[in-house]
Amino acid sequence: MTLPPARTRPAPRPTLLLTGGAGVLGRALVDELAADHDLVCLRRRNPIGDPRVREIAGDLLAPGLGLAPAEREELAARVDIVLHCAAETDWRKSPGEIRRTNVSGTRHVLDLAERAGAPFHYVSTAYAAGELHPRDRERFPGAAAYLESKRAAEQAVHEAAVPGIVLRPSVVMGDSRTGRTAGNGGFTALLGSLVLGRLPVLPGAADTRIDLVPQDYVARAAADLIRGAVTEGEYWLTAGPQAPTVREAVELCLDFAADQGLVRPPSPRLIPAEAAHRLLLPLTRGRSHHRTELLLAFQHEPAFTTSLGGPHCGPALTRDGIRAALVRTLLTWAESRSRLLEARRAPVPGPSCAALSAQDGRTARLGGR
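Now for a look at the structure at hand. (Residues numbered from 1 in each chain as written. Predicted model: local features only at pLDDT ≥ 70, side-chain atom pairs only at ≥ 80, totals over all residues. Heavy atoms only, no water.)

**A few points about the packing of aromatic side chains**
One pair of aromatic rings is described through two measures. These are the centre distance and the angle between the planes. Tallied over the entire structure, the rule returns 3 aromatic pairs. With a centroid separation of 5.8 Å and 40° between ring planes, the pair formed by W91 and Y146 is classed as tilted. In this pair, W91 sits in the loop between β4 (81-84) and α3 (95-116) while Y146 sits in helix α5 (residues 141-159), placing the two residues 55 residues apart along the sequence. Of the two residues, W91 and Y146, both sit in the buried class. One aromatic cluster in this structure is built from Y127, W236 and F304. (Phe/Tyr/Trp six-rings, centres within 6.5 Å; stacked < 30°, edge-to-face > 60°. Helix = DSSP H or I, 4+ residues; strand = E, 2+ residues; numbered from the N terminus. Buried < 20%, exposed > 50% of the residue type's maximum accessible area, 1.4 Å probe, protein only.)

Spelled out as structure tokens, the structure:
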């Protein structure tokens, strides 16, 4: 098949095909792009329910995205830009399922971009740039499959017949202004466990960094690259040297607990990663094992490079800005757990029994005068 040439001058209001529009980052991308793009969102199960977008039911895993031939050709004729954000991020799924979604799904979306001659913007992850230790690949098959699938998808983008860029965000948290996010799972749930004192032991060194970036910063950078007609390169949407350490993030969560009227949990014991593999992981199951996996995978040293603040890549992050965004994310989490937090709040100290007896005596004497 002879592919049409890539479009270098999109229409005044270009049509953008977005996948993953119902996800955490997808919602932020809709907010950022809707004002100056006609958005078409491919979705499988979860409707987006946003009047600013046109939804098309499809399937990333199916050839042709599960669309009828006429519908696929009509979509390819309209699309000017493709932004592929959909991915399987649940590491508890089987490695095969993760690879199928993240590699085969990316190739199917690339096929449509090639039919359209549209530049392809791919949302990967900063952590795909590193290699897991063989021990980690064995203990964390979900995380290993996720990172390997992201690297394979990046390679497919580089080899495609249309221009493509790779976006590498780190850990995406809530909106920097509101703390809102499309879900409270993953890393937000881990932070909540720290607030509730449910993680007495954590793997990692106190000075190891955890790179966190608010979702609106990622969305703004992705949109600026699109608006700037940038169609090649790799962009690191990370906190970089401003990323907090494990100890800083933990202490912020414990201080937040006290600010919410809870008993401030004791600081978790931090143990080296090697000791965590030998002593901690064999004892964890279910959610505890998954959260330990997240912490081990999300720690990174040295600091990532960052493209934020560069040309066509949104504003830079500051250390204070990250801390403020993290607190707002926790406030949003707390709103969703209001009943649980209310039940755990420390009672307000009242007068003692002796003080009440003395008060009753004074009241009786005053009444007798």
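**A short note on the sheet that holds strand β11 (residues 233-237)**
One open sheet accounts for 7 strands, arranged β3-β2-β1-β4-β5-β6-β11; its pairing is parallel. The open sheet has two free edges, formed respectively by β3 (53-57) and β11, since each of these has just one partner strand. On average, each strand axis in the sheet is tilted by 20° relative to the strand beside it, whichever way the strands run. Examined bridge by bridge, strand β1 (residues 15-19) and β4 share 4 bridges and lie parallel to one another. Considered in β4, the bridge of T19 is made with H84. Along the sheet, helix α7 (residues 215-227) makes contact with β1, β4, β5 (120-123), β6 (164-169) and β11, crossing β6 at roughly 165°. (Pairing = 2+ DSSP bridges. Axes fitted to C-alpha atoms, helices over the stretch in contact; angles between N-to-C directions. Contact = heavy atoms within 4.5 Å.)

**With respect to the side chain of Q260**
With respect to the element layout, Q260 can be found in the loop between α8 (246-259) and β12 (269-271). Look at Q260 and you get buried, because its relative accessible area is 18%. Ignoring anything within four residues of it in the chain, the contact list for Q260 reads L331, A334, L341 and R345.

**A short note on the pairing of β6**
Along β6, 6 of the 6 residues are buried, which leaves the element largely enclosed by surrounding structure. The two faces of β6 match: G164, V166 and R168 on one face and I165, L167 and P169 on the other face are all buried. The pairing of β5 with β6 spans 4 bridges and is parallel. Residue pairing for β6: V123 is matched across the bridge by L167.

**A look at the pairing of β4**
Alternating positions in β4 separate into two faces, I81 and L83 on one and V82 and H84 on the other, with burial throughout. Where β4 lies against β5, 3 bridges are found, and the strand directions are parallel. Each bridged residue has a counterpart across the sheet, and for H84 the counterpart in β5 is Y122. In this fold, the crossover linking β4 to β5 by way of α3 has right-handed handedness. (Right-handed = clockwise from strand over helix to strand, strands pointing away.)

**Quick look at the packing of helix α2 (residues 69-78) against α3**
Angle between the axes and distance between the axes are the two parameters that describe a pair of packed helices. Packing of α2 against α3 brings their axes to within 8 Å, and their N-to-C directions diverge by 60°. Comparing the axis directions of α2 and α3 gives the class oblique. Note that α2 runs across α3; the crossing there is right-handed. Judged by residue contacts, R72, E73, L75 and A76 of α2 engage L112, R115 and A116 from α3. (Parallel < 35°, antiparallel > 145°, perpendicular 65-115°, else oblique. Left-handed = near helix turned anticlockwise from the far one by under 90°.)

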